[in-house]
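Take a look at the letters that make up each chain.
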Amino acid sequence: MKSKASIVEVTLESRVKNVEVAEEISRGVSETAGFGPEAAFQIEMAVHETVINAIYHGNQQDPRKNVSLKFLIFEDGLEIHVRDEGMGFDPGSLPDPVAKENLLNVSGRGIFLVRKFMDEFKVETSAGSGTEVIMVKHRNPKIESNQGGANRELEGNSASG
Amino acid sequence: MSLKATVRQVDSVTVVDVSGRITLGEDCKQLREVIRGQLAKNHKNLLLNLADVTYIDSSGIGELVSAYTAISNQGGQLKLLNLTKKVHDLLQITKLYTVFDIHNDEATAISSFAAAS
């Protein structure tokens, strides 16, 4: 992504009502970054799902633990960081929710949808410092095709659980 | 806007008009209670009208699956009516479009219950 970024940062307590706060911020940022309604919805849903994971699975709804949300608006896209204070998870260990045997599972679709809606997705976990989800949405479709299309995993030290 | 569900009876089919959000927490809980309440009354043919659903998340999708399984296990049928584009797209991405019987017209949906029973 291009080097110069505008940054929007917010820290939220681990309360379910703050999911809607995160969504609202996401809508504003997407509009500022120049995304259309469909991409803005996808970004909002990705933020919704990752913030819920951070509150429920990461921080176990402990209001003393926070969720940090950072949006970096680049000329050609948006990078979003969602960090919790939990124990981390391994996205590779999640069952495939569209496999025939899993279709009727009640849960397990959140990260799958985030991967579908965002162009890049990475999870970083280290002991004692929580988990950070980093996801990217490109604004220019030409850039997406040059980089191998949507749903590409970010390079780097992807996490284990 | 949080979830609102109103129930009406059309012939042998219980139609649940759902509006607002179906998301983790109170929304999902409320939908679950409405559906379980109908099952407790032995109303096993349910048509969920999702025309006014503004937002559904992965937990909301899971709640639809849970309702489908609960109703099927009791020998009933759950069908969906009037999906918005967003809900339609989400059910396609998650391949649940092949699981649910989905209709765009209420009269056709109602008559499909009779045809199946």
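What you see is a predicted model, and the numbers here were worked out from it, not measured in a lab.

Here is what the cut-offs are and how they apply
Residues numbered from 1 in each chain as written. Chains lettered and ligands numbered in written order. Predicted model: local features only at pLDDT ≥ 70, side-chain atom pairs only at ≥ 80, totals over all residues. Contact = placed C-beta atoms within 7 Å. Helix = DSSP H or I, 4+ residues; strand = E, 2+ residues; numbered from the N terminus. pLDDT = per-residue confidence, 0-100. Pairing = 2+ DSSP bridges. Axes fitted to C-alpha atoms, helices over the stretch in contact; angles between N-to-C directions. Buried ≥ 20, exposed ≤ 12 C-beta atoms within 10 Å, placed from the backbone. Arc of directions from axis to C-beta. Expected span 1.5 Å × (residues − 1).

Undergrad: Talk me through the interface of chain B and chain A; I want residue IDs and the actual numbers.
TA: Across the contact, 15 residues belong to chain B and 16 residues belong to chain A. Counting residues per element, the ones that place at least two in the side of chain B that touches chain A are helix H2 (58-73) and helix H3 (85-93) of chain B. Looking at the side of chain B that touches chain A, the element that brings in the most residues is H2(B), giving 6 residues.

Undergrad: Can you break down the confidence of the model for chain B residue by residue, with the values?
TA: On average, residues of chain B score 95 in pLDDT, and 97% of them are at 70 or above. Here the predicted complex carries an ipTM of 0.91, next to a pTM of 0.88.

Undergrad: Tell me about the sheet that holds strand S1 (residues 4-10) of chain B, and name the residues and values.
TA: All names here are of chain B. Overall, mixed pairing links the 5 strands, which are arranged S1-S2-S3-S4-S5 in an open sheet. In this open sheet, the two edge strands, each paired with only one partner strand, are S1 and strand S5 (101-103). Strand after strand, the sheet turns through a mean of 25° between neighbouring axes, direction not considered. Note: strand S3 (residues 45-56) against strand S4 (residues 77-81), 5 bridges, orientation parallel. From the neighbouring strand, Asn45 faces S4, where its bridge partner is Gln77. H2 contacts strand S2 (13-22), S3 and S4 of the sheet and is inclined by roughly 145° relative to S4.

Undergrad: Could you give me a rundown of H3(B), with the residues and numbers involved?
TA: All names here are of chain B. For H3, the complete set of buried residues consists of Val87, Leu90 and Leu91. The buried residues of H3 all sit within an arc of 95° when viewed along its axis, so they share a single face. For H3, the exposed residues set more than 90 degrees away from the buried face come down to Lys85 and Gln92. For H3, the elements touching its buried residues are S3 and H2. Among the residues trailing H3, Lys95 stands out with phi positive, at a value near 65°.

Undergrad: Describe helix H2 (residues 37-58) of chain A, with residues and values.
TA: Residues and elements named next belong to chain A. Relative to the 32 Å expected for 22 residues at 1.5 Å per residue, H2 spans 30 Å between its end C-alpha atoms, a close match to the ideal helical length. For H2, the buried fraction is high: 16 of the 22 residues fall into the buried class. Once H2 ends, the next one or two residues include Gln60, with phi positive near 50°.

Undergrad: Account for the confidence of the model for chain A, naming residues and giving values.
TA: Residue and element names in this part refer to chain A. Summary statistics for chain A give a mean pLDDT of 87 and a share of 84% for residues scoring 70 or more. Low pLDDT, under 50, characterises residues 143-150; the stretch is placed with 8 contacts to residues that sit more than four places away or in other chains. Low pLDDT (under 50) marks residues 155-161, which in the prediction has 17 contacts with non-local residues, meaning those over four places away or in another chain.

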